[in-house]
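Structural overview
Okay, here's what each chain looks like letter by letter:
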Amino acid sequence: MVTRTRFDDSECPVARSVDAIGDWWSLLIVRDAFDGSRRFGEFQRSLGVAKNILTARLRTLVAGGVLESVPASDGSAYREYVLTPKGQALFPVIVALRQWGEQNFFAPGEPHSQLVDRRHGHRLRALEVLSSDGRHLDPDDTAVQKTSPE
């Protein structure tokens, strides 16, 4: 059996983030949590994932502090999964993936889901990467800089 490579001690924040999320099932679970899913059965119905895989991914997300398992809001014996502040902080990542997918994987006019502002019902503006002084940045405008421990 192949041993999974771990990146939890990497100097790269992207590698550590990917290590914490785990895989594409986990990102889809987080997406569904933003869309209002809270219970195991809701995640399973939405994703069509095997119970053992879903159980493992939920455990990893809870252990990583992305989701929290809490008593069911209706007072039943069930547990629910809610996004923690760390999980809520993934919102721009999910929005970026949605917008990237809309731009690159759908033909013009092809139906798909879209994220809208609840207050006005309008689609969101495209995410942008801006400098500290507000300039739009492209990949050529940035560089990775190593930091040293303080």
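The following refers to the structure shown. (Residues numbered from 1 in each chain as written. Predicted model: local features only at pLDDT ≥ 70, side-chain atom pairs only at ≥ 80, totals over all residues. Heavy atoms only, no water.)

Now for the packing of aromatic side chains. Evaluated as defined, the whole model comprises four aromatic pairs. Between the aromatic rings of Phe 43 and Tyr 81, the centroid separation amounts to 6.4 Å while the plane-to-plane angle is 65°, which identifies the pairing as edge-to-face. Residue Phe 43 is located in helix α3 (residues 40-47), and its partner Tyr 81 is located in strand β2 (residues 79-83); the two are separated by 38 residues in the primary sequence. Using a relative accessible area of 0% as the deciding quantity, one classes Phe 43 as buried. (Phe/Tyr/Trp six-rings, centres within 6.5 Å; stacked < 30°, edge-to-face > 60°. Helix = DSSP H or I, 4+ residues; strand = E, 2+ residues; numbered from the N terminus. Buried < 20%, exposed > 50% of the residue type's maximum accessible area, 1.4 Å probe, protein only.)

If you trace the backbone, Ser 37 turns up in the loop between α2 (24-34) and α3. The buried category is assigned to Ser 37, whose relative accessible area is 13%. In this view, Ser 37 contacts Asp 32, Glu 42, Phe 43 and Tyr 81; residues no more than four positions away in its chain are not counted. (Contact = heavy atoms within 4.5 Å.)

Applying the stated criterion to the full structure yields nine salt bridges. Notably, a salt bridge pairs Arg 57 with Asp 23, separated by 2.5 Å at the nearest N-O pair. Residue Arg 57 is located in helix α4 (residues 51-63), and its partner Asp 23 is located in the loop between α1 (13-21) and α2; the two are separated by 34 residues in the primary sequence. Arg 57 sits in the partly exposed class, given a relative accessible area of 22%. Classification of Asp 23 as partly exposed rests on a relative accessible area of 21%. Among the salt bridges present, the one from Glu 102 reaches Arg 123, with a minimum N-O distance of 2.8 Å. With Glu 102 in helix α6 (residues 91-105) and Arg 123 in the segment after α6, this pair connects stretches of sequence that are 21 residues apart. Take Glu 102: its relative accessible area is 19%, and that puts it in the buried class. What makes Arg 123 partly exposed here is its relative accessible area of 49%. (Salt bridge = Lys/Arg side-chain N within 4 Å of Asp/Glu carboxyl O.)

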